[in-house]
Amino acid sequence: MISEQFPALIVVTPLILSFFIPVVGWWKRELCLPIVLFALSVCLLCAIGMLGTVIKHGIIHYRLGMWEPPWGIEYVVDHLNAFVLVIVSFISLSAAIYAKKSVEQELPEHKIPAFYTLLLLNTTGLLGITVTGDLFNLYVLLEIASFSAYGLIAIGEEGALVASFRYIVMGTIGACLYLLGVGYLYIVTGSLNIADLSQILPELYHSRVVLVAFAFFMVGIGIKMALFPLHVWLPDAYTHAPSVVSAALGATMTKVGAYVMIRVMFTLFKPYFSIEMIPATTILGWVAVAAIIFGCILAIAQSDLKRMLCYILIAEVGYIVMGIGVANRMSLTGAILHILNDAFMVACLFFVAGAIMYKMGTRDIRNFRYLHRKMPLTMAAFTIAALSVIGIPPTCGFFSKWYLILGAIYGGQWVFAVVLVLSSLLSAVVFFRVIEKVYFEPTVGVHNGESHEMVEVVRDEAPLSMLIPIFIMVAGILLLGVFSGKIISTIIQFAVPTGF
Amino acid sequence: MLEYIISKYNYWMYIVLILIGFYAMMAKNNLMKKLIGMGIFQWAIICYFMSIGSKSGGTVPIISEHGSDVIRAIDFINPLPHVLMLTAIVVGVATTGISLAILISIYGRYGTLEEDEITPPHPNPLPRRGEGTLKGNRK
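Residues numbered from 1 in each chain as written. Chains lettered and ligands numbered in written order. Predicted model: local features only at pLDDT ≥ 70, side-chain atom pairs only at ≥ 80, totals over all residues. Heavy atoms only, no water.

Undergrad: Break down the overall build of chain B for me, with residues and values.
TA: Along chain B, the regular secondary structure elements total 5 helices and 0 strands. In chain B, the succession of α and β elements from N to C terminus is α-α-α-α-α. Counting only residues that meet the buried cut, chain B has 27% of its 139 residues in that class. The contacts in chain B between residues at least 6 apart in sequence include a share of 51% that link residues at least 24 apart. As displayed, chain B has an accessible area near 9,200 Å², and 65% of this comes from carbon and sulfur atoms. (Helix = DSSP H or I, 4+ residues; strand = E, 2+ residues; numbered from the N terminus. Buried < 20%, exposed > 50% of the residue type's maximum accessible area, 1.4 Å probe, protein only. Contact = heavy atoms within 4.5 Å. Areas by Shrake-Rupley, 256 points an atom, 1.4 Å probe, with all protein chains shown as cover.)

Printed below as a string of structure tokens:
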């Protein structure tokens, strides 16, 4: 049965097809996009298939080359990573649909095959990180995802090269620290398999080597997921990257980082190690508080829409980490639900920023007046996504925040609950600054006492291939909000790591 | 103290190398020097993995068919860290390659690799005259 091979296919298909793209693109450039769409559709089908299997029959263990787990590489799919796989492949597929028009305008024509190659490689890396059950394999796939991200960012606008180089320096430090952590665990245990390590490690929890390895893991993953003090590469990199790259990477890479953090803290190490033996979760909780407040306040200070969204993204990472930091069942439900919701919200917002860039040629918020008459559908989508980030009930952002706040209250962390509510207020300030500029500028200007004539604005909507992904995301935001109870009861309550 | 350092000298060497690399990446102004620091940082970790696999008196991990029938793990070097490092070396080469490509583009665009001489666009440029004001949009 082919469905047994899904864990391998989800990585192998995009990996192999990505090498065909430059060759095919050399021959016929129009064929690049169909290959990407085909590969990502296969990934999405595999991911959905595996999610179905996991819900019905439980955890999937897949042995590459039929080697037994502690020696060979094992792919393990449980509720948590099947869920993340679906998110990553779905967002990447939408981004690929969106890419066509956006890339044609922003990039020179000869770079387009290279762009699609890197986009597909990036997805390969992210899917691989999620599906693997082996620490070293995770490192290699992390680097595949990061390298393609460096390249994707470097082909952006003016300033992208320097931003990409800074990202390389930071990203390499992160990956190397992660590798050191793997090495330290290997010295004391002689194993690289996550399931095997989680059996061996509890006897060694008092060893200083294990503690240092844990610290290396946290810092390394923190850099990769742009957690607050280690976020410095993110705003520059995602601001100057091509629009579709900001959307795809912003929505998936940080989420996969959050997934790896949950894995390391609660599967590789037992929850009581991360919570009681060393105060890792407490520290993470306070780091998250700093991330949320810092992200929201700096977002208010920006006049570039994409840069503003980058700081919002840093705050969103803070929410997920706060859920991990409070570390009870309710807050982890919130964190995992927020991985899903945030992917949709961030993708939608960056898609809108790209559509505005496509039509207006600027992202400066001060130039956005009357945009609701020029691009009514796009701005409606922006408003819904903004309401979701703020946390207004019918949208999905409300529900994950609700669980996070409930978790903070159950955990007795009142400061965290207050910060979460405060952050909603701050995001309202951030987004209403834009919404006010777009919708509420008077069309009849009164200037120095004399009134001016009505301003003529021609309706000029973004092309359909950009509008469709935007509206898929909007539909996602609303539907995920409505069905969040269903999602929690079928998937997330089993995805919360054992021990809670 | 000296004995303590000498007995674990491989770890001390890798710590020193890592710190040199880290210093170069953080403190140097020239992007090329940052890249060199990054290289030192990565190779330090590779040297560390190499050293944990080796054993004094150990030999290559190949079991000969006609050898003694007792196989003692202590006689053989642990091949696994070395195999892992084959992959990590490839990763390191790829990092260096992509960084060099980007540095060439940076040099081509700005004519310098000194970080303070490269002037990226201002993150929040003020709107140009007439742009974004009511006057500019009036027909």
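Undergrad: Give me the nonpolar core: which residues, what numbers.
TA: Phe-115, Phe-269 and Phe-431 of chain A together with Ile-106 of chain B are the most contacted members of the largest nonpolar core, which has 229 residues in total. A total of 20 residues in this core trace back to one element, the largest contributor, which is helix H14 (residues 329-360) of chain A. Discounting residues that sit within four places of it in the chain, Phe-431 of chain A has contacts with Met-308, Leu-309, Ile-312, Leu-349, Phe-382, Ala-386, Val-389 and Ile-390 of chain A. (Core = buried A, V, L, I, M, F, W, Y, C linked by side-chain atoms within 4.5 Å.)

Undergrad: Requested: an account of a nonpolar patch on the surface, with residues and values cited.
TA: Residues and elements named next belong to chain B. Side chains of Met-1, Tyr-4, Ile-5, Trp-12, Ile-15, Leu-19, Phe-22 and Met-26 sit close together on the surface and give an oily, nonpolar patch of about 800 Å² of accessible area. Listed by contribution, the elements that provide at least two residues to the nonpolar patch are helix H1 (2-7) and helix H2 (9-27). Per element, the largest residue contribution to the nonpolar patch is 5 residues, and it comes from H2. With respect to the helices and strands, the residue Leu-19 is situated in helix H2. (Patch = residues over 30% accessible without salt bridge, like charges linked within 9 Å, V, L, I, M, F, W, Y side chains within 5 Å. Salt bridge = Lys/Arg side-chain N within 4 Å of Asp/Glu carboxyl O.)

Undergrad: With reference to specific residues and values, describe the packing of aromatic side chains.
TA: Within this structure, the stated rule accounts for 28 aromatic pairs over all chains. Measuring from centroid to centroid gives 6.3 Å for Phe-294 of chain A and Tyr-311 of chain A, while their planes differ by 65°, and the two rings are edge-to-face. Of this pair, Phe-294 of chain A sits in helix H12 (residues 280-300) while Tyr-311 of chain A is found in helix H13 (residues 305-326), placing the two residues 17 residues apart along the sequence. The class of Phe-294 of chain A is partly exposed, set by a relative accessible area of 25%. A connected cluster of aromatic rings, assembled from ring pairs, spans Tyr-184 and Phe-216 of chain A together with Tyr-11, Tyr-14, Tyr-48 and Phe-49 of chain B. It is Lys-28 of chain A that lies over the ring of Trp-27 of chain A; its NZ or CZ is 5.4 Å from the centre. (Phe/Tyr/Trp six-rings, centres within 6.5 Å; stacked < 30°, edge-to-face > 60°. Lys NZ or Arg CZ within 6 Å of the ring centre and 35° of its normal.)

Undergrad: Can you tell me about the packing of helix H5 (residues 135-154) of chain A against helix H4 (residues 79-110) of chain B, naming the residues and giving the values?
TA: In the contact formed by H5 of chain A and H4 of chain B, the axes pass within 11 Å of each other and the chain directions differ by 10°. Between H5 of chain A and H4 of chain B, the angle falls in the class roughly parallel. Two secondary-structure elements touch here, H5 of chain A through Phe-136, Tyr-139, Val-140, Glu-143, Phe-147, Tyr-150, Gly-151 and Ala-154 of chain A and H4 of chain B through Leu-84, Met-85, Thr-87, Ala-88, Val-91, Ala-94, Thr-95, Ile-98 and Ile-102 of chain B. Of the residues contributing to the contact of H5 of chain A with H4 of chain B, the split by class is 13 nonpolar, 3 polar and 1 charged. (Axes fitted to C-alpha atoms, helices over the stretch in contact; angles between N-to-C directions. Parallel < 35°, antiparallel > 145°, perpendicular 65-115°, else oblique. Nonpolar A, V, L, I, M, F, W, Y, C, P; charged D, E, K, R; others polar.)

Undergrad: Any details on the interface of chain B and chain A? Residues and values, ideally.
TA: Chain B puts 48 residues into the contact, and the matching count from chain A is 44 residues. The contact between chain B and chain A buries some 4,000 Å² in all, and 71% of this surface belongs to carbon and sulfur atoms. One salt bridge connects Arg-109 of chain B with Glu-158 of chain A, and the closest N-O pair in it is separated by 3.2 Å. Seen at the junction of chain B and chain A, the total is 5 residue pairs in polar contact (both at pLDDT 80 or more). For the side of chain B that touches chain A, the secondary-structure elements that each account for two or more residues are H2, helix H3 (31-53), H4 and helix H5 (134-137) of chain B. It is H4 of chain B that contributes the most residues to the side of chain B that touches chain A, 17 residues altogether. Considering only residue class, the side of chain B that touches chain A consists of 33 nonpolar, 9 polar and 6 charged. (Buried area = accessible area lost by both parts, 1.4 Å probe. Polar contact = N/O pair within 3.5 Å; in protein donor to acceptor, adjacent residues only side chain to side chain.)

Undergrad: Just give me the short version of the confidence of the model for chain B, but keep the residues and values in it.
TA: Residues and elements named next belong to chain B. On average, residues of chain B carry a pLDDT of 81, and 83% of them reach 70 or more. The low-confidence segment residues 129-139, where pLDDT is below 50, has 16 contacts with residues more than four positions distant or belonging to other chains. Taken together, the chains of this predicted complex give a pTM of 0.91 and an interface ipTM of 0.86. (pLDDT = per-residue confidence, 0-100.)

Undergrad: Just give me the short version of the pairing of strand S1 (residues 60-63) of chain A, but keep the residues and values in it.
TA: Residue and element names in this part refer to chain A. Residues Ile-60 and Tyr-62 of S1 are buried on one face, while the alternating residues His-61 and Arg-63, pointing to the opposite face, are not. Two elements, S1 and strand S2 (residues 74-77), share 4 bridges in a ladder whose sense is antiparallel. Bridge pairing in S2 places Ile-60 opposite Val-77. (Pairing = 2+ DSSP bridges.)

Undergrad: I'd like a description of unusual backbone geometry, backed by residues and values.
TA: All names here are of chain A. Phi at Met-66 is positive, roughly 60°, even though this residue is not glycine. Judged by its relative accessible area of 72%, Met-66 is exposed. Its identity is not glycine, yet Ala-226 carries a phi of approximately 60°, on the positive side.

Undergrad: Report on the packing of helix H16 (residues 376-390) of chain A against helix H18 (residues 414-439) of chain A, specifying residues and quantitative values.
TA: Residues and elements named next belong to chain A. Relative to each other, H16 and H18 sit at 165°, their axes nearing to 9 Å. Taken together, the axes of H16 and H18 are roughly antiparallel relative to one another. The hand of the H16/H18 crossing is left-handed. In contact with Met-379, Ala-380, Phe-382, Thr-383, Ala-386, Val-389 and Ile-390 of H16, H18 contributes Ser-424, Ser-427, Ala-428, Phe-431, Phe-432, Val-434, Ile-435, Val-438 and Tyr-439. (Left-handed = near helix turned anticlockwise from the far one by under 90°.)

Undergrad: Can you break down the pattern of salt bridges residue by residue, with the values?
TA: Enumeration over the complete set of coordinates arrives at 16 salt bridges over all chains. Put simply, Glu-68 of chain A and Arg-63 of chain A hold a salt bridge, and the shortest N to O gap is 3.3 Å. Linking Arg-366 of chain A and Asp-364 of chain A is a salt bridge whose minimum nitrogen-to-oxygen distance equals 3.0 Å. The exposure class of Asp-364 of chain A is buried, given its relative accessible area of 10%. Via salt bridges that share partners, Arg-166, Asp-236 and Arg-307 of chain A together with Lys-34 and Glu-115 of chain B belong to a single interconnected network.

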